[in-house]
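Each chain is listed here by its residues.
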Amino acid sequence: MSKTSSLLSVFFLSSVFLLHGCSQEKQEQVKKQVPPLSVEVISVKKEAVPIWKRYTGMTKASSDQKVRARVSGVLEERYFQDGQLVKKGQKLFKIEQSQYVAALNSAKAKKAQDEASLALANADVNRYAPLVKEGLAPRATLEQYQAQKLGLKAAIAGDVAQINKAKLELSYTIIKAPIEGRASARHVDVGNLVGQGEATLLTTIVSIDPIYAYFSPSQEDVRDFMKYKNKEKPDAFIELDGMREKLRLNGYVDFSNNSVDPLTSTITMRATIQNPDYKILPGTFVYVNIFVNDKYKFMMIPPEVIFADQLGKYVYIVENNKIKRADIKTGYSSKYLTSVTSGLKDGDKLIVSALVKLKQGLDVKPTDVTDTKGAKAILKQNNLIPEAK
């Protein structure tokens, strides 16, 4: 019985070792059959690309006009709604006109009276001139009529000035928009007395197409910008990252201040931005992007493919269908691209996908996507290639 048990034990152990060996062989075969990791790569090279700089900024109305009463009287009419878009020359308010109509009519009557007196003076001069010549009337009387004639001419000139003044004051009773833009809420309601001893503020109109975006680069950035810019009015655009949509509006840089802020060592600059749909209002926080140059060559890569550890920055490239780490140094960087100053060479295949799965030496199956995910493609997709002018 003991001999039989020993044989069974030997047979059982042999079976276990045999099965374990087969299992290990199958696991090794499975490991050998793991397919290479599929990755997307772009071919990097040093080439001329547009360079943009990004700053934070604040928008401001291109024109801000305070509409005031220029004559006194009771406010009779309002022709716009609070916050309405108004055209230049559009009627906004009407002030009581009766006293100004009366003043105009009085000035016109005074002119008519003086013109009648002038006609009489002319007749007197014409009647006495031949009598004085013949010695039949005293010269002093003729000179008196001539002086009266000149005085009446001067009085009529004054009457014309009074008529023009009355017309002007009457025109001030109809208050019109000085610019095109958006009106604020009214400051005075109909029925109130305005302009009595002061130029009463009635409303404010801001012009926001175009709208200004002010930003403050460092003085070093401004020097570089002025040195390398290749347009008199370089392209610019503003971005507003909202909850529902990302807004972008285009324009150009047209102003740089003539002094440095001693507290911040920055220089105020301005971009004029087209805002036809009035989507951006004054006082909005925005990102201002300004175009510098597109004549210099850089090796640009997407910033999201760059890793970092204690040794510095690095990326993964494909070499002989295997992943290889490439330590790099970077220079100029923007939201969309970063320049590589060392560590890569023209033609290197940079991995831009499956980033969390990458490991040194891993077999890969690369697919070239330079045409859709390369530096030039990224610039084109984000409208960062300025139009030639």
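For the structure, check the block above.
So, here is what we can say about the structure in this document. (Residues numbered from 1 in each chain as written. Predicted model: local features only at pLDDT ≥ 70, side-chain atom pairs only at ≥ 80, totals over all residues. Heavy atoms only, no water.)

## Description of the nonpolar core
- Counting 37 residues, the largest nonpolar core has Phe215, Ile238, Val253, Ile273, Val288, Ile290 and Leu337 as the members making the most contacts within it.
- Breaking this core down by element, the ones donating at least two residues are β3 (51-68), β10 (201-215), α4 (219-228), β11 (235-241), β12 (246-256), β13 (269-273), β14 (285-293) and α6 (375-381).
- With sequence-adjacent residues up to four places away left out, Val288 is seen in contact with Lys53, Arg54, Tyr55, Gly57, Ala213, Phe215, Phe237, Ile238 and Ala271.
- By size, the runner-up hydrophobic cluster in this structure holds 24 residues, among which are Leu92, Ile95, Leu104 and Leu170. (Core = buried A, V, L, I, M, F, W, Y, C linked by side-chain atoms within 4.5 Å. Buried < 20%, exposed > 50% of the residue type's maximum accessible area, 1.4 Å probe, protein only. Helix = DSSP H or I, 4+ residues; strand = E, 2+ residues; numbered from the N terminus. Contact = heavy atoms within 4.5 Å.)

## Regarding the sheet that holds strand β4 (residues 73-78)
- Taken together, 4 strands build an open sheet; the order of strands is β7-β6-β4-β9 and the sheet is antiparallel. Two strands lie at the open edges of the sheet, namely β7 (174-176) and β9 (193-194), each paired on one side alone. (Pairing = 2+ DSSP bridges.)

## As for unusual backbone geometry
- Here the amide bond leading from Asp209 into Pro210 is cis, since omega sits at 5°, within 30 degrees of zero.
- Note on placement: Pro210 falls in strand β10.
- If you check the backbone angles, Tyr278 has positive phi at about 55° while not being a glycine.
- Relative to the assigned elements, Tyr278 resides in the loop between β13 and β14.
- Judged by its relative accessible area of 18%, Tyr278 falls in the buried class.

## Re the environment of Lys380
- Relative to the assigned elements, Lys380 resides in helix α6.
- Along the chain, Lys380 and Lys167 lie 213 residues apart, while their C-alpha atoms are 60 Å from each other.

## Points about the pairing of β10
- Within β10, 11 of the 15 residues are buried, which leaves the element mostly enclosed by the surrounding structure.
- Taken together, the 11 bridges between β3 and β10 define a ladder with antiparallel strand orientation. In the strand pairing of β10, Lys66 is matched with Thr204.
- Across 2 bridges, the pairing between strand β8 (residues 181-183) and β10 is antiparallel. Bridge pairing in β10 links Arg182 to Val206.
- Sheet topology note: the β10/β13 ladder contains 5 bridges and is antiparallel.

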